[in-house]
Amino acid sequence: MLSKLLERLVARQLLDYLTVCKLLPDFQSAYWAYHSTETVILKVLSDILRAVDSGDLAILALLDLSAAFDTVDHAILLRRLDVSYGLGGPVHKWFVSYLGGRTQFVRCGKSSSNPASVLYGVPQGSVLGPILFLLYTADLIRIVESHGLLSHLYADDTQIYGFCLPASTASLQSRVTVCVAEVALWMQSNRLQLNTGKTEVLWCSSARRQHQIPSTLFMVGPDSVTPARSVRNLGIHIDSDVSMSTHISRTASSCFAVLRQIRSIRRSVTRPVLLTLVVSLVLSRLDYGSATLAGLPAKKLDRLQSVLNAAARLVFSARKYDHITPLLRELHWLRVPERIQFRLAVLVFRCLNDQAPKYLADDLRRVTDIDSRRRLRSASTTALIVPRTEHSTIGDRAFPVAATRTWNSLSPFVTASPSLQVFRRRLKTELFSRSFATD
């Protein structure tokens, strides 16, 4: 217990030091306050949407490591902490003590193997282990940037992506291939192993430019990878035409499967328990990554709305054709479009109040940030500047555009909220009145 407490104190001091000195990699979103898998996907998908909107083709490569946390070399890690992060002297000695002297053995029944020293891997279940892994792999981002590409990491999941004109796809593919090869070489020299069998590549374009997407195989080490039509990235399915059709279909299918399981026990539990199960097992799936669906046609969102309707009918044991509005009102559930707006607005509030990743906050600009507008009447508001786009069906779906439009549509009473808790309450009230205004 004492060791865990000491570890947490060291982790807090280490994060404070890395944050103040700006040593944490900007595009590594794991184990960092206000960062999540959803913020990663929002950033990557927004970059892709904006590139496709401008007429470019985008490429996304998803890399995976094999047993990454178990293969970290202690000697390399300690040297990197000293040289790259300035953790020398007594601090370095503490980390030497923390990582050293550990042993492991295998027990089967009453028999045990001889203890063996642990020279690799961060301690399992530790608080410091994940942070040390981030520092160990931070150089990956610089390698990708040296090839003129973009990257984003979440723990051991690495995303590499870039854009080009349709006529330059061969050049971009060559750069990505060389970059992945160098990343694999770096991993090998640092005792990490790229799992080529799980590497995926996706070309993205608008629906009208799908014929311009190359079908050439990618070489990842000894393996050849065929470009996919859809990939699953941190739980979010991204299609080649960035339509999000696969994600909507898979989400609806998984939610209906859970609803069928809950329906089988509904007579054995009380309504409050039933409601808790639906919220935690169904609505959480429905809402995960929903901000990436902003700007999609209402017809596509109807599939997700049918999930919400089925969940409400299950809670009240209503029939299939019973009117759904009274049930949603009583549960105080927002409809799907408003649920998406809710998540976008909360993210904007966080961005404007230093409670969100910098890579999302930097894409939002206040009207007051423009010198030429400071004397206008609109400059006294909390309004944001809407970025320009070429196509409403693509560019308007990017986070900076969709989130800004959602924010600007809110009343000053909501946007001027003094805290996140107050903002969420006021926002829910306003969106709820909009959601059922015509019913």
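Data block above holds the structure.
Computed from a prediction, not measured in an experiment: that's the story for all the values here.

### So, helix 8 (residues 245-263)
Relative to the 27 Å expected for 19 residues at 1.5 Å per residue, helix 8 spans 27 Å between its end C-alpha atoms, a close match to the ideal helical length. Along helix 8, the residues that are buried comprise Thr246, His247, Ile248, Thr251, Ala252, Cys255, Val258, Leu259 and Ile262. In this fold, the buried residues of helix 8 make contact with strand 11 (230-233), strand 12 (236-239), helix 9 (271-287) and helix 10 (298-316).

### Comments concerning the sheet that holds strand 8 (residues 200-204)
Across the sheet, which stays open at both edges, the 4 strands sit in the order 6-7-1-8 with antiparallel pairing between neighbours. If you trace the sheet from one side to the other, it starts and ends with strand 6 (150-154) and strand 8, each paired once. With strand direction ignored, the average angle separating the axes of adjacent strands in the sheet is 15°. The pairing of strand 1 (residues 57-64) with strand 8 spans 5 bridges and is antiparallel. Directly across from Ala58, in strand 8, lies its bridge partner Cys204. Each of strand 1, strand 6, strand 7 (157-164) and strand 8 touches helix 2 (residues 37-53); the most contacted strand, strand 7, lies at about 15° to it. Along the sheet, helix 7 (residues 169-189) makes contact with strand 1, strand 7 and strand 8, crossing strand 7 at roughly 155°.

### What to know about the packing of helix 9 against helix 10
Closest axis-to-axis distance for the helix 9/helix 10 pair is 9 Å, and the angle between their directions is 170°. Between helix 9 and helix 10, the crossing angle belongs to the class labelled roughly antiparallel. Contacts between helix 9 and helix 10 involve Arg271, Leu274, Leu275, Val278, Val282, Leu283 and Leu286 from the former and Leu304, Val307, Leu308, Ala311, Leu314, Val315 and Phe316 from the latter. Of the residues in the contact of helix 9 with helix 10, the class split is 13 nonpolar, no polar and 1 charged.

### Digging into the packing of helix 4 (residues 89-99) against helix 5 (residues 128-136)
Across the interface, helix 4 lies against helix 5 with an axial gap of 13 Å and an inter-helix angle of 115°. Where helix 4 crosses over helix 5, the handedness of that crossing is left-handed. Every residue of helix 5 that contacts helix 4 at Trp94, Phe95, Tyr98 and Leu99 is listed here: Leu128, Gly129 and Leu132. Per-class residue counts for the contact of helix 4 with helix 5 are 6 nonpolar, 1 polar and no charged.

Procedures and definitions
Residues numbered from 1 in each chain as written. Predicted model: local features only at pLDDT ≥ 70, side-chain atom pairs only at ≥ 80, totals over all residues. Heavy atoms only, no water. Helix = DSSP H or I, 4+ residues; strand = E, 2+ residues; numbered from the N terminus. Expected span 1.5 Å × (residues − 1). Buried < 20%, exposed > 50% of the residue type's maximum accessible area, 1.4 Å probe, protein only. Contact = heavy atoms within 4.5 Å. Pairing = 2+ DSSP bridges. Axes fitted to C-alpha atoms, helices over the stretch in contact; angles between N-to-C directions. Parallel < 35°, antiparallel > 145°, perpendicular 65-115°, else oblique. Nonpolar A, V, L, I, M, F, W, Y, C, P; charged D, E, K, R; others polar. Left-handed = near helix turned anticlockwise from the far one by under 90°.

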